[in-house]
Amino acid sequence: MPRDRILKLAVVATAAGAFSGLFGVGGGTIIVPLLVFWLGFGEREATGTSLAAIIVIGAVAAGAQAIYGNVDVAKAALVGIPALVGVVAGAALQQRIPERLIAGLFALLLIAISVELIL
Amino acid sequence: MEAPDVVAAAALGVAGGMVGGLLGVGGGILFVPALAIFADLTQVEAESTSLLAIVGVAILGTWRQRQYGNVRLADGLLIGVLSPLGVGLGVVVANEVSQRALELGFAALALLIAAQLAARALRSPGDARAAPDGGTPDG
């Protein structure tokens, strides 16, 4: 991988880690726009690649919180198992809509997060 | 937990997963309130527990998206592995700046990005990048 690209990905990683630590928002809200606007990813590619990053980010953070006894496995399953159905459906739906609509929906997600932060 | 609470938490779980699959996020935006409101967890417990559900969504979502040809795996894993660099930075910033200022700052940034994404969504169809599978034409 070219050095320039590794550096850019390292900056994306740092921003994702910093914002998830500061706001408890998953790294995805940061990673997807940065991949689109800065690394030239298409929307579908940016969201797919973001999920791969979140596996690692989420696993490290969940492991750290588990040490403090803050993770309730049964309750994680209560939302997490139904969520597996949702993610398969969401990914399938994403293949059937234009990339511009993905960008528009992501804009709505960010507006919702902003409103939540301001209130 | 009463049955209606279980149903509500599970429904928010499905919705969070859908958002995850559609937009490449973990779904925590819905998992955290689901766990705090319907599963009697504190905010910290809800955020921590949500992480485990997020990992499941991310694993299955990555697998599905990879089948659709939308994952640059090396790039994604590199971002994941290097992200702890930012966590330290976040802690330093959090200690220097008030929480309220941070929230407002991030809200402003999110709105700015939202505007740029909206502009991208409204671009003329001719500018659109073709879908990787050459399938769904934009517009």
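Provided above is the structure to which this section pertains.
A short tour of the structure in this document, coming up.

Conventions we followed
- Residues numbered from 1 in each chain as written.
- Chains lettered and ligands numbered in written order.
- Predicted model: local features only at pLDDT ≥ 70, side-chain atom pairs only at ≥ 80, totals over all residues.
- Helix = DSSP H or I, 4+ residues; strand = E, 2+ residues; numbered from the N terminus.
- Buried ≥ 20, exposed ≤ 12 C-beta atoms within 10 Å, placed from the backbone.
- Core = buried A, V, L, I, M, F, W, Y, C linked by C-beta atoms within 7 Å.
- Domains from an automatic or database assignment.
- Contact = placed C-beta atoms within 7 Å.
- Nonpolar A, V, L, I, M, F, W, Y, C, P; charged D, E, K, R; others polar.
- Axes fitted to C-alpha atoms, helices over the stretch in contact; angles between N-to-C directions.
- Parallel < 35°, antiparallel > 145°, perpendicular 65-115°, else oblique.
- Left-handed = near helix turned anticlockwise from the far one by under 90°.

Along its length, chain A carries five helices and zero strands. Taken from N to C terminus, the helices and strands of chain A fall in the order α-α-α-α-α. Seen through its principal axes, chain A has C-alpha atoms that stretch 40 × 35 × 35 Å. Counting over 119 residues, chain A shows a buried share of 57%.

Right, let's get into the nonpolar core. If you look at the biggest cluster of nonpolar residues, it comprises 81 residues, and the most contacted ones within it are A:Ala16 and A:Val79. If one sorts the elements of this core by residue count, helix H3 (residues 43-67) of chain A sits on top with 10 residues. Shared between two domains, this core holds at least three residues of each, these being domain 1 (1-82) and domain 2 (84-125) of chain B. Beyond its immediate stretch of four places on either side in the chain, A:Ala16 contacts A:Gly27, A:Ile30, A:Ile31, A:Ala53, A:Ile57, B:Ile79, B:Ser83 and B:Gly86.

Now for the interface of chain B and chain A. Between chain B and chain A, the residue contacts involve 92 residues of the former and 85 residues of the latter. Listed by contribution, the elements that provide at least two residues to the side of chain B that touches chain A are helix H1 (3-23), helix H2 (28-38), helix H3 (43-67), helix H4 (73-82), helix H5 (84-96) and helix H6 (99-121) of chain B. Per element, the largest residue contribution to the side of chain B that touches chain A is 20 residues, and it comes from H3(B). Residue composition of the side of chain B that touches chain A, by class: 57 nonpolar, 24 polar and 11 charged.

This part covers the packing of H3(A) against H3(B). Where H3(A) meets H3(B), the closest approach of the two axes is 8 Å, and the angle between their N-to-C directions is 155°. Between H3(A) and H3(B), the interaxial angle falls into the category roughly antiparallel. In terms of crossing hand, the pair formed by H3(A) and H3(B) is left-handed. Between H3(A) and H3(B), the residues in contact are A:Gly48, A:Leu51, A:Ala52, A:Ile54, A:Ile55, A:Gly58, A:Ala59, A:Ala61, A:Ala62 and A:Gln65 and B:Ser48, B:Leu51, B:Leu52, B:Ile54, B:Val55, B:Ala58, B:Ile59, B:Gly61, B:Thr62, B:Gln65 and B:Arg66, respectively.

The values reported here are purely geometric and, on their own, carry no functional implication.
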